[in-house]
Amino acid sequence: MATDDPTDVLVIGAGASGAAVAWRLSGAGIGVVCLEQGDWVDPRAYPHWRADWELHRQTDWSAEPNVRRLPQDYPVNDRASSISPLMYNAVGGSTIHWSAHFPRFRPSDFRVRSLDGVADDWPIDYATLEPFFDLNDRMMGVAGITGDPAYPPKSPRQTPPIPLDTLGATIAGGFERLGWHWWPSDSAILTRDYDGRRACVNCGPCDLGCPIGAKASTDVTYWPKALAAGARLVTRARVREITLGPDGLADGAIYYDREGRVRAQKARAVVLAANGIGTPRLLLNSRSARFPDGLANRSGLVGRNLMFHPYAMVRGTFDRPLGGHRGPIGCSIISQEFYETDLSRGFVRGYSFQVARGLSPIASANGGSVGDRVPWGREHRRAYDERFDRTITVAIIGEDLPEPGNRVDLDPALADDHGIPAPAVSYTLSENSRRMLDHGIARAREALGAAGAREVAFNPLLRAGGWHLMGTARMGRDPATSVIDPAGRCHDVPNLYIVDGSAMVTSAGVNPTSTIQAVALYVADGMTRRRA
Amino acid sequence: MTPGALAARRDLLALVLDTLVPASAGFPGAGAVGLDHVLAVAAASADLESLLWRGLQVVEEAARAQGGSGFAQLSPDDRESVLRQVEQSHADFFDALVRHTYDGYYGHPTVVARLGLDPGPLQPRGHRIEAADLPDLTRVTARGPIYRQA
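Because the structure is predicted, anything quoted here is derived from the model rather than measured.

S.K.: Where do I start with the overall build of chain A in this structure?
M.R.: Helix and strand content of chain A: 11 helices and 17 strands. By the compact-globule yardstick of 24 Å for 532 residues, chain A fits well, its C-alpha radius of gyration being 22 Å. Based on the C-alpha atoms only, the size of chain A along its principal axes is roughly 70 × 50 × 45 Å. Looking at the 532 residues of chain A, the share that counts as buried comes to 68%. Taking contacts inside chain A between residues at least 6 apart in sequence as the whole, the part at least 24 apart equals 73%. Working note: accessible area of chain A is about 16600 Å², and carbon and sulfur atoms make up 51% of it. Positive and negative side-chain charges in chain A, numbering 59 and 59 respectively, have mean positions lying 2 Å apart.

Written out as structure tokens, the structure reads:
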């Protein structure tokens, strides 16, 4: 087996959190090697440069690895899950595919046990993370407006908000008529040139990547700076297992390189940043006599408490064109009217409304996230024309509570191209989440009606909605009920850190990437002070 | 079924596609602009090609059962009636057929242009959004904080 030069810190995964950690550590003079199973994405390779761009959403640019099936992907057995996990394997990770909706967790999200008697409190709080939220905002570049009463005051946003345009102004009118909260979304998309990156030209499908770097994928934000600071990034490097030294500490990893050769990378500390499915998969694949049930898994909680954020989608159809094909697809408006717990609603915790842009031509025909295909036959033309460019979709993103039965395990038969056992995901929507989504569907119908929709359709649970992978190696003070400590270190292996969505104690009712990255920077800050 | 067998039935397939999305209101029928895409995706997947080929056999059999000599000889109304039967009896075939037809049709530059959009690549042109004042958020902020301190 070939052995690479040892380093101070080995980071596994070059996505949202791994990039942030690599930048912070390398900037402090700490040696960093990052192993990433994907490649750099060539900006010229994005489908936006081709006329048939929309067809690629269902094939090689699908967010589902089981559909995309690129060489750098691994299969996921999701037959026992009502939600399909989504991810991307590349430098930038799933920030290549994300819509860059960038809300933070709120203060109450870190205190759910104390406030609402469910799940667990985080061992850290909003105030602790606030400087890291701000730092991360500056690194990613955020479009928005300060003053949102749903949050404590925030630092100035880097650029003005994404324009609401006709579609956004229409649904905002609905929220206004009902007297509900709404706010232009914080989006990690530049509306002005910033930090050497270009402003968005409103081409639309951010979910297929951003070919001009206006959207903050970490290949264009953190990584150039991390590499300039001396970090080394090895692509097409698929880690098979994390290795332990005789002292029981992590001492590196064994991986397959681009040519399929087995190599070893030694390090004084290891940081896992492989997402909420990839990280438990790797820990469970790193079994040894010392850890027969998987590395750092004496609690038995590695892979447990998987949280996705269940989505329900509600679509209103209007009598006039809304220009929904213009502008970033996922970023328009957020409403947090029903975010904090009110038990009279029949569930605990809450949700956000996220208003996305309209549907592109093919998506309109196939029903988009609602999935109701336009009828075929003689009625097709009329039905299609009544839908195209005349819809607004409101997504309900509900807080998923941690449940041990929702989990990532290893599949006994399925493996990736290197023979490494693949993850198997089991997930059942809880009764609390179901009630929450049903409440959200009813309220979204109200909002769309108040905005002037003449017809409303909905999808009660979006199957292809597993963008957010959380909770599978959660943080806590007690080694019996958590996998990592408040500093991000595994209780069982104190020089093994976890910084991706696996670390999340709870999921909140908003997109998690801003918070995942803030936690990663907070963990890296501690490593820097301790010199890893 | 031999490779390319579906392409050999392209005339029948075009008629089926035209029944799914008939020419109307200045839009072409799917047989004219969606056919090449359906054949291309089928050529890339033996399973899909087989599914579509066998489905076309079913369509022809259902057409003959209506007393005609085949799907092509039926009136437009009868063609639609036949396809509605097959949609019920062979759902997997029909689902794949409609999906790939819609993909090819609404991905075609002629149709995209007819919808009023630029059919070319999205980059580097992007979309123009007229500048507007920042939204009036007075009412929202007037409520004061709506988050819980923790």
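S.K.: What should I look at first to understand the overall build of chain B in this one?
M.R.: Across its full length, chain B carries eight helices and zero strands. Reading chain B from its N terminus to its C terminus gives the helix and strand order α-α-α-α-α-α-α-α. For chain B, whose C-alpha radius of gyration is 23 Å, the value lies well above the compact-globule estimate of 15 Å for 150 residues. Taken across its 150 residues, chain B has 44% of its residues classed as buried. Long-range pairs, those at least 24 residues apart, make up 62% of the contacts in chain B with a sequence separation of at least 6. Working note: accessible area of chain B is about 7400 Å², and carbon and sulfur atoms make up 52% of it.

S.K.: Just checking my understanding: could you explain the interface of chain A and chain B for this structure?
M.R.: Often the size quoted for an interface is simply the accessible area lost on bringing the parts together. Listed as interface residues are 61 residues of chain A and, on the opposing side, 48 residues of chain B. Here chain A and chain B share an interface that buries about 4700 Å² over both sides, 63% of which is from carbon and sulfur atoms. Summed over the three residues of chain A that lose the most area to chain B, namely A:R373, A:W376 and A:R381, the buried surface amounts to 19% of that side. Taken together, the connections running from chain A to chain B amount to seven salt bridges. Its salt-bridge partner being B:R148, residue A:D116 comes within 2.9 Å of it at the nearest N-O pair. The tally of links between chain A and chain B comes to 25 residue pairs in polar contact (both at pLDDT 80 or more).

S.K.: Looking at this model, I keep getting lost on the sheet that holds strand β4 (residues 77-81) of chain A. Mind explaining?
M.R.: Within a beta sheet, neighbouring strands are joined by backbone hydrogen bonds and run either parallel or antiparallel to one another. Residues and elements named next belong to chain A. Strand order in the open sheet made by the three strands is β4-β15-β14, with mixed pairing throughout. Unpaired on one side and paired on the other, β4 and β14 (407-415) mark the two borders of the sheet. Strand-to-strand twist across the sheet, computed as the mean angle between neighbouring axes with direction ignored, equals 30°.

S.K.: I tried to follow the packing of aromatic side chains on my own but got confused; where do I start?
M.R.: Two aromatic rings, taken as a pair, are described by how far apart their centres are and by the angle between their planes. Evaluated as defined, the whole model comprises 25 aromatic pairs over all chains. Ring centres of A:W180 and A:F353 lie 6.3 Å apart, and the angle between their planes is 15°; on these two criteria the pair is classed as stacked. Of this pair, A:W180 sits in the loop between α5 (165-178) and β5 (183-184) while A:F353 sits in strand β12 (residues 351-356), and the two are 173 residues apart along the sequence. Of the two residues, A:W180 and A:F353, neither departs from the other in class, the shared state being buried. Ring centres of B:Y102 and B:Y106 lie 6.4 Å apart, and the angle between their planes is 75°; on these two criteria the pair is classed as edge-to-face. With B:Y102 and B:Y106 both in helix α6 (residues 91-106), this residue pair falls four residues apart, about one helical turn. The two residues B:Y102 and B:Y106 agree in class, both being buried. Taken together, A:F175, A:W180, A:F338, A:F347, A:Y351 and A:F353 form an aromatic cluster joined through their ring pairs. One residue, A:R281, lies across the ring of A:Y74, its end atom 4.4 Å from the ring centre.

S.K.: Is there a simple way to think about helix α3 (residues 35-43) of chain B in this case?
M.R.: Owing to its 3.6 residues per turn, the α-helix brings residues three or four apart onto one side. Of all the residues in α3(B), the buried ones are B:L35, B:H37, B:V38, B:L39 and B:A42. The elements touched by buried residues of α3(B) are α1 (10-20), α2 (30-33), α4 (46-65) and α6 of chain B.

S.K.: For this particular structure, what's the right way to read α6(B)?
M.R.: Residues and elements named next belong to chain B. Between the first and last C-alpha of α6 there are 22 Å, a value that for 16 residues agrees with the 22 Å anticipated at 1.5 Å per step. In terms of burial, α6 is a largely internal element, 12 of the 16 residues being buried. For α6, every residue scored as buried is listed here: F93, F94, A96, L97, V98, H100, T101, Y102, D103, G104, Y105 and Y106.

S.K.: Explain the environment of A:S502 here, please?
M.R.: Residues and elements named next belong to chain A. Its place among the elements puts S502 in the loop between β17 (496-498) and α11 (513-529). Take S502: its relative accessible area is 0%, and that puts it in the buried class. Beyond its immediate sequence surroundings of up to four residues, S502 is in contact with N275, G276, T279, P280, L469, M470, G471, T472, A473 and R474.

S.K.: Would you mind going over the pairing of strand β7 (residues 238-244) of chain A with me for this structure?
M.R.: In summary, the side chains of a regular strand alternate between the two faces of the sheet. Residue and element names in this part refer to chain A. Pairing geometry for β7 and strand β8 (residues 250-256), over six bridges, is antiparallel. Residue pairing across strands places R238 opposite Y256, the latter belonging to β8. Where β7 folds back on β8, the antiparallel hairpin that results is connected by five residues, among which G248 adopts a positive phi of roughly 85°.

S.K.: Help me understand the side chain of A:T317, please; the structure alone is not making it clear to me.
M.R.: By secondary structure assignment, the location of A:T317 is in strand β10 (residues 311-317). For A:T317, the residues in contact, after removing those within four places along its chain, are A:E386, A:R390, A:T391, A:A453, A:R454 and A:E455.

S.K.: Explain the pairing of β10(A) to me, please; I cannot follow it from the model alone.
M.R.: Residues and elements named next belong to chain A. Counting buried positions along β10 yields seven of seven residues, so the element is predominantly enclosed. Covered by surrounding structure in β10 are Y311, M313, R315 and T317 together with A312, V314 and G316, the residues of both alternating faces. Pairing between β10 and strand β16 (residues 455-459): five bridges, direction antiparallel. Considered in β16, the bridge of G316 is made with V456.

S.K.: Which parts of the structure should I look at to understand the packing of helix α9 (residues 380-387) of chain A against α6(B)?
M.R.: Between two packed helices, both the angle of their axes relative to each other and the distance between the axes serve to describe the pair. Viewed as axis vectors pointing N to C, α9(A) and α6(B) meet at an angle of 65°, and their least axial separation amounts to 15 Å. Like other packed secondary-structure pairs, α9(A) and α6(B) cross with a definite hand, here right-handed. Where α9(A) abuts α6(B), its residues A:H380, A:R381 and A:Y384 lie against B:Y102, B:Y105 and B:Y106. A class-by-class count of the residues in the contact of α9(A) with α6(B) yields four nonpolar, one polar and one charged.

Procedures and definitions
- Residues numbered from 1 in each chain as written.
- Chains lettered and ligands numbered in written order.
- Predicted model: local features only at pLDDT ≥ 70, side-chain atom pairs only at ≥ 80, totals over all residues.
- Heavy atoms only, no water.
- Helix = DSSP H or I, 4+ residues; strand = E, 2+ residues; numbered from the N terminus.
- Rg over C-alpha atoms; globule rule 2.2 N^0.38 Å.
- Buried < 20%, exposed > 50% of the residue type's maximum accessible area, 1.4 Å probe, protein only.
- Contact = heavy atoms within 4.5 Å.
- Areas by Shrake-Rupley, 256 points an atom, 1.4 Å probe, with all protein chains shown as cover.
- Lys, Arg positive; Asp, Glu negative; His and termini not counted.
- Charge placed at Lys NZ, Arg CZ, Asp CG, Glu CD.
- Buried area = accessible area lost by both parts, 1.4 Å probe.
- Salt bridge = Lys/Arg side-chain N within 4 Å of Asp/Glu carboxyl O.
- Polar contact = N/O pair within 3.5 Å; in protein donor to acceptor, adjacent residues only side chain to side chain.
- Pairing = 2+ DSSP bridges.
- Axes fitted to C-alpha atoms, helices over the stretch in contact; angles between N-to-C directions.
- Phe/Tyr/Trp six-rings, centres within 6.5 Å; stacked < 30°, edge-to-face > 60°.
- Lys NZ or Arg CZ within 6 Å of the ring centre and 35° of its normal.
- Expected span 1.5 Å × (residues − 1).
- Left-handed = near helix turned anticlockwise from the far one by under 90°.
- Nonpolar A, V, L, I, M, F, W, Y, C, P; charged D, E, K, R; others polar.

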